[in-house]
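Descriptive analysis of the structure
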Amino acid sequence: METIIIYGTGILAGVLLLYFLGIAVAPYNPGEIKNDHFECGLPPSSEVPMKANFGYFIFAIAFIVFDMAGLFFSLFVFADNPEALKWAMVFGILLFAAITVSMKEYRNAKSA
């Protein structure tokens with residue numbers, strides 16, 4: 001229990017040290033453009049926002065699926081349960097189906 005407290009205190013101290021170091025070292029130079037609503041300095045070109053491409057959302061969902069797949073497959077690898085391989089195969093089939101559907105939607109959104 002003491003090691004958890006020591007690690008937690010060390011991580012908290014490191015985060016706070018880096019935070020305050022960043023505040024102390026970072027330049028503070030506000031200007032008219034930086035205080036504007038758009039930080040890039042460009043005025044808005046129109047009042048109607050552009051619609052986002054549906055393909056970007058499909059790509060983001062596919063990225064989340066791959067990220068979670070890596071996590072779950074690593075959990076299956078380190079499991080001591082003999083049933084873990086069966087569950088990994090079921091998860092792999094579901095992952096394959098999800099990726100197939102997302103790529104189909106991505107192609108349809110790209111061609112439209």
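So, about the overall build of the protein. Helix and strand content of the protein: three helices and zero strands. Helices and strands in the protein line up, N terminus first, as α-α-α. For the protein, the proportion of its 112 residues judged to be buried stands at 8%. About 10300 Å² of surface is accessible on the protein, with carbon and sulfur atoms providing 73% of the total.

This part covers the pattern of salt bridges. Taken as a whole, this structure holds one salt bridge when the rule is applied. Taking the shortest distance from any N to any O, the salt bridge between E83 and K86 comes out at 3.8 Å. With a relative accessible area of 36%, E83 lands in the partly exposed category.

This paragraph deals with a nonpolar patch on the surface. Where nonpolar side chains cluster on the molecular surface, the patch consists of F63, I64, M68, L71, F72 and L75 and spans about 570 Å² of accessible area. Tracing the sequence through the fold places I64 in helix α2 (residues 54-77).

Further remarks concern α2. With 24 residues, α2 ought to run about 34 Å at 1.5 Å a step, and its terminal C-alpha atoms sit 35 Å apart, in line with that. Those residues of α2 not exposed but buried are G55, I58, A62 and A69.

What follows is about the packing of aromatic side chains. Per the stated rule, a full pass over the model turns up one aromatic pair. Pairing Y19 with F20 gives two aromatic rings, centres 5.3 Å apart and planes at 70°, and the pair type is edge-to-face. Overall, F20 belongs to the exposed group, its relative accessible area being 52%.

Turning next to helix α1 (residues 2-25). If you check α1, its first and last C-alpha atoms are 34 Å apart, about what 24 residues at 1.5 Å a residue would give, namely 34 Å. With zero of its 24 residues buried, α1 lies for the most part at the surface.

The subject of this paragraph is the confidence of the model for the protein. Should pLDDT be low for a region, the predicted coordinates there are not to be read in detail. Across the protein, the average pLDDT comes to 79, with 81% of residues at or above 70. For the protein, α2 is the element with the lowest average pLDDT, namely 79, and α1 is the one with the highest, namely 93.

Reading the values: the criteria
Residues numbered from 1 in each chain as written. Predicted model: local features only at pLDDT ≥ 70, side-chain atom pairs only at ≥ 80, totals over all residues. Heavy atoms only, no water. Helix = DSSP H or I, 4+ residues; strand = E, 2+ residues; numbered from the N terminus. Buried < 20%, exposed > 50% of the residue type's maximum accessible area, 1.4 Å probe, protein only. Areas by Shrake-Rupley, 256 points an atom, 1.4 Å probe, with all protein chains shown as cover. Salt bridge = Lys/Arg side-chain N within 4 Å of Asp/Glu carboxyl O. Patch = residues over 30% accessible without salt bridge, like charges linked within 9 Å, V, L, I, M, F, W, Y side chains within 5 Å. Expected span 1.5 Å × (residues − 1). Phe/Tyr/Trp six-rings, centres within 6.5 Å; stacked < 30°, edge-to-face > 60°. pLDDT = per-residue confidence, 0-100.

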